[in-house]
Every structure is written in structure tokens, then in C-alpha cells.
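So you can see what is in the structure, the chains are spelled out below.
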Amino acid sequence: MFNQGSVFARAFLYLTLYSICVISIIDKLNFDKEEDVTMRQTIALTVPYSNTHRTAEENLGLGYLAATLRLAGFRVEIIDGWLENLSHEEIVNCVVALPNLLLVGISAYRSSLENAARLVRDIKNRISIPIVAGGYGPTFFDEDFLAAGFDYVLRGEGEKSLSTLACVLSESGLILENVPGISMLSMGKVVRGSMSHCVEHLDSLPFPARDTVYSTIHSKNPISVSTSRGCLGSCLFCAVSAFARQHDGTRWRERSVKNIVNELEMLHQKYGAKCFKFVDDSFLEPPRGEIWAESFSNELYLRGLTEISFRTQVRADRLTNKIVEILSGCGWFATGLGVENWSVSALKRMNKGASIADNFLAMEYLERHGVYVQMGMILFDWDTTLVELKENLGILKDLSWPVTKGIFTETYVSAGTPNERLLLSRSDVQQKRSVLGHLEYRPCVPEVDVVYEALRLWHRSHSSVYDHAINPITAPKAIDRSMYRKYHDICRRLYSMDLVFFERVLEMAEHGISKLDVQTETMVQVSDFQTDYERIEREIVLLDQVCGIGYSAYPNPFLGET
Ligand code: SF4
């Protein structure tokens, strides 16, 4: 037992030790700050504003790059112009003000090339600095990005190649061509380095930097988490598998359950995060099955993460009732499901792994366990037939659970996909390269083309309402589940209105009504439904206000010209 004197003595000792610790921590912080400014080289990672109908989300790719570069000893600043709603000038000012700048990295889509090119021009007007582009767009359009003024493009996954590029630039004597996945100009010609390397063991990566986490939480967005990368499917239209072919290594890689839950636990404890978006291209691939679902669920339970919710993207042919039951019991509340089409022949043309039966079963399991489904659809390609459209209409009318982004959906022919090669080889298909980089085409069957054009006109006339209504569901916004249900109900109403119009147009096409007459009828229908869409939009705005959600997006640029 201690006497009073010894208690005071110990208290004094603890206080002294505590003060020494605090002072040394402060010293360390000051030292780090000092070192940041005067010693360490800085890399700016930025995202320009994007002119798409999508709303900004946390850029997890930049988070991974920042964490990897920091581990390699660089100072990194993330300036996410899209998420933080920064003007062009603000982004430029932030970048050029950074001390000891070594390199600027810009993450861009092909559709945001114009904004990215402006950034390059205005940064280079103020400082002399190498600028590199990365992401899906630059990977498949390296020539366009180099022509727009970028010094380098890094194709494929960026963690290894960007760290290598930063090391090469910071240490003279190393050779740029040795950076895996690099593209650059030499004597006016594009020179490409070797294939880029992907990170085979995802657990070896540091957790992504969360510099923009407060903006994410503030805008009621979920916290993005990547539990795997890639997909084992070989759908001909898919940019994910085309991107995977840019690397050596396995086509689907996963993190261990412990590693995933460690990150979720950290995000929950540090930021209070409860709503997550698993941004995996395909959340469930073998060996993930019922045993995996059980162990994931158990681990969440053991860590006390019993109130989290998460959204995924899954393949129908990977689901069983048991998997859905287990995962919905530990927070799985919404998913994207790539059904694509309800016709056997259309699925075959896409080389889709899932069958119609798989799609039906998946839909049944998900509805049974209350997991909301945003059904990915591709109604048209250049070989679509009227029979296929009728098959789709028949089944779509019977489904009572999923929501979609609208009735007009078509194969998006991205660069680098097998579909692009297929389409280019078809001299009988009317096609052209769009200014956004993908191929545009018309369906070959004239009656199908009539329906295609009518649905496109119909959808484009109301596209802002569809995009606005589905935004809280796709994001998904971190809102009360009852509010989520209200957005879902609105999307279901839009779904029903779409089908009424689809049926009418299909009938007209089957009866050989001319394209011009169908278009005239479409405009009449658009006008007749105008007040309904306006009323729905007012409802969405009201819901947004109740939920505290802001909405800011451009019109969908992929719906063609008026
Ligand atoms: S299943 Fe989905 S992610 Fe996988 S290849 Fe097909 S479309 Fe792409």
C-alpha cells in the first residue's frame, strides 16, 4: 500500500513522464512538418471536374496511390476537384503552391480529357513540372492524353508504376522506359514500356489514404472500400476484363477477411463510418462462397460491427440463397446485379457467364432477403432482334423488385474491349467513333432501330429525372433505410412508366409503322407524360431536402445528339 506522500510522488512522476511524451510528440510533429516542407519531395494527385451525369464519390484509387507513395517516403497531397467541388483555378492554385513538387498525377476519364488538358496547360504555364495521367481513360487512350500535353501516361493499375516513376524522377540515372506500363512521346511517336504489374497480394497494400473522408461523410456518401480487384468473367463488352488484360497476374484478387474487417473497424472507430460501398467489380468470385460469407459475417460480429450496412456489385451466377441469407444478416442491403438482358440469344452474344435461370434465382434470393437490386441492363446491341426485345419486355413486366437507370440501355463499346474489335470487323453495321472515344452504332434490323431511336428519345427527354432518382440508390447515400425505400419506390414508378412506353413502341414497330411516325408519337408521349415527370422530380427534391442530400450532375453525355 502507498502512503499519501508516495501517491503524490507517483502522480508527479507520471505527470512529468506524460509531459515529456507530449513534448516529444509535438517535437516529432514539428520535425515532420519541417521535414515535409524542406526535405521531402511532394506529389500532387488530383481529379478534374467531370462533365458526366454521375455524381462525385471518394476516389479510392487516389487513396491507394497516396498511401503507397507515402510509404515510399514521398509527401502526397490529394486535391480532388470533383469531390471537393473546386473550380479549375482553385485546383491549379493548390497544385502550384505545393513546396518541392516532383510530379503531378491526374486521374481522368476519357470523357474528362478536355478538363484534364486544361489543367495540364494552366499548371505548366505557371511551373515546369512533369504531369502524368492514369485511370481507365488514359490506359486505353494514351495517345490522346499525350497529345493533350501530359508527359506520361501510366497504363493499368498504378501503385507499382507510379511509385517507380516517382523514384525515377527523384533519382537521376534511372531510365524512364523501365517504368512498367508507361507511355510517353519520343520524337513525336508514342513509346510504350513493358506491361504494367498488378499487386498480386492485396493484403500487402497499405490501407488507402482517407484525406477526403470528411467531404465524403459530409455529402452523405458511403465510405468506399475495395475488398477485391478484377473479375473472372469474360463478357465481351466489359472494360473491367479489358483493363485486367493490361497486366500480368491473376484476373481476380482478394483481400483476406481479417484484412478487410481491420479496415472497416478502423474506419468505424476513427470516423464513425457505418455505411460502406464495396467498390469491387465482382464481390463474389471463387473461393468466396458460403464458407467465406460465414467467416466474413462472424468476423464482423466478433469486432462488434453489427450496425454497418454495405452495397456491392455481384454476378448472378455466384449467388446462393445461403450466401444472400448470411450476408444480408450482417449488413448487405443493396447491390448492383449485372443481368444485362433477359434473352438467351442476347446473353450468348455478350458471352455472359450467367444464364436466364441464374438471373431469376438471384433476383428471387435478393428479394426474399430484402436486398435492394439495381439491375444492370443492356437492351440493345447492333444485332438485337425484335424477338429479343419482346422477350425482355415480357420478363421486365413480371419483375416486381429491381430498379434500373431507365429503359434505354445499350452496349457501350469501350476501347480495348473484344466488342470494339468485333464491331470494327463488321462492315454491315453503321458505326462511328464518338468524340468521347467509344464507338457508336445503329442496330442492323430496321424495326429494332425504330424502337432504339424512340426509347433513346424518350429516355433523353427525362434523363435528369432518372439520374437524380437513382443517385441515392447507386451511391448509395448514407440515409435512413425508410428514406431509401422512398427513393426505391420512385424508381419503381419510373420503371413502370418506361414499360408502358416500351410496349407501345414495340407494337408500332411490329406493325411496320414508319420511323418518322414513331418519332412523332414519341414526342407526343413525352409531352403527355411531362407533368408526371415534373411531379416526380419535385418529390425527389423534397426527399433530398429531408435527407440533407445535395445533387449536382451534368446531363448524361452518352445519349447522343438531340
Ligand atoms: S461479370 Fe461483370 S465485371 Fe465480370 S466480366 Fe462480366 S460485366 Fe465485367
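Everything below is about the structure printed above this text.
What counts as what
- Residues numbered from 1 in each chain as written.
- Predicted model: local features only at pLDDT ≥ 70, side-chain atom pairs only at ≥ 80, totals over all residues.
- Heavy atoms only, no water.
- Pairing = 2+ DSSP bridges.
- Helix = DSSP H or I, 4+ residues; strand = E, 2+ residues; numbered from the N terminus.
- Axes fitted to C-alpha atoms, helices over the stretch in contact; angles between N-to-C directions.
- Contact = heavy atoms within 4.5 Å.
- Parallel < 35°, antiparallel > 145°, perpendicular 65-115°, else oblique.
- Left-handed = near helix turned anticlockwise from the far one by under 90°.
- Nonpolar A, V, L, I, M, F, W, Y, C, P; charged D, E, K, R; others polar.
- Phe/Tyr/Trp six-rings, centres within 6.5 Å; stacked < 30°, edge-to-face > 60°.
- Buried < 20%, exposed > 50% of the residue type's maximum accessible area, 1.4 Å probe, protein only.
- 1 Å grid on protein atoms, 1.4 Å probe; cavity = no way out; pocket = protein on both sides within 12 Å on 5 of 7 lines; lining within 4 Å.
- Points joined across faces, edges and corners; volume = space filled by probe spheres on them.

Draft legend 1. Representation of the sheet that holds strand 7 (residues 189-192) within the structure. Taken together, the 7 strands give an open sheet; going across it, the order is 2-1-3-4-5-6-7, and neighbouring strands pair in mixed fashion. With partners counted over all chains shown, the strands left at the sheet margins are strand 2 (75-80) and strand 7, one partner each. Across this sheet, the average inter-strand angle for adjacent strands is 25°, counted without regard to direction. Both strand 6 (residues 182-186) and strand 7 contribute to a ladder of 4 bridges, which runs antiparallel. Counted as the bridge partner of L185 is V190 from strand 7. Where helix 2 (residues 60-71) meets the sheet, its contacts fall on strand 1 (42-47), strand 2 and strand 3 (101-107), and the angle it forms with strand 1 comes to roughly 175°.

Draft legend 2. Local environment of the packing of helix 2 against helix 7 (residues 159-170). Relative to each other, helix 2 and helix 7 sit at 45°, their axes nearing to 9 Å. Comparing the axis directions of helix 2 and helix 7 gives the class oblique. Where helix 2 crosses over helix 7, the two elements pack in a sense that is right-handed. For the pair helix 2 and helix 7, the contacting residues are Y64, L65, T68 and L69 in the first and E159, L162, S163 and A166 in the second. Per-class residue counts for the contact of helix 2 with helix 7 are 5 nonpolar, 2 polar and 1 charged.

Draft legend 3. Examining the pairing of strand 6 more closely. Examined bridge by bridge, strand 5 (residues 152-154) and strand 6 share 3 bridges and lie antiparallel to one another. Bridge pairing in strand 6 places L154 opposite I182. Counted along the chain from strand 6 to the antiparallel partner strand 7, the turn is 2 residues long, and its residue M187 has a positive phi close to 50°.

Draft legend 4. Spatial organisation of the packing of aromatic side chains. Counted by the stated rule, this structure contains 23 aromatic pairs. A ring pair is formed by Y136 and F243, whose centres lie 4.4 Å apart and whose planes are at 5°; its orientation type is stacked. Of this pair, Y136 sits in helix 5 (residues 136-140) while F243 sits in helix 9 (residues 239-244), placing them 107 residues apart in sequence. Aromatic side chains F408 and Y452 sit 5.3 Å apart centroid to centroid with 70° between the ring planes, which places their arrangement in the edge-to-face category. Of this pair, F408 sits in the loop between helix 15 (386-398) and helix 16 (418-424) while Y452 is found in helix 17 (residues 446-461), placing the two residues 44 residues apart along the sequence. Residue class for F408 comes out buried when judged on its relative accessible area of 6%.

Draft legend 5. Quick peek at empty space enclosed by the protein. Applying the stated criterion across every chain, the model contains 5 cavities of 30 Å³ or more. Looking at the largest cavity, its volume works out to about 80 Å³. In terms of lining residues, the largest cavity is bounded by M377, L379, L396, T404, G406, I407, T409, Y495, D498 and L499. Estimated volume of the second largest cavity: approximately 60 Å³. Lining the second largest cavity are E58, N59, L60, L62, G63, I78, D80, A209, R210, D211 and T212. Those elements giving two or more residues to the lining of the second largest cavity turn out to be helix 2 and strand 2. Looking at side-chain class alone, the lining of the second largest cavity contains 4 nonpolar, 3 polar and 4 charged residues.

Spatial relationships are all this shows, so hold off on functional conclusions.
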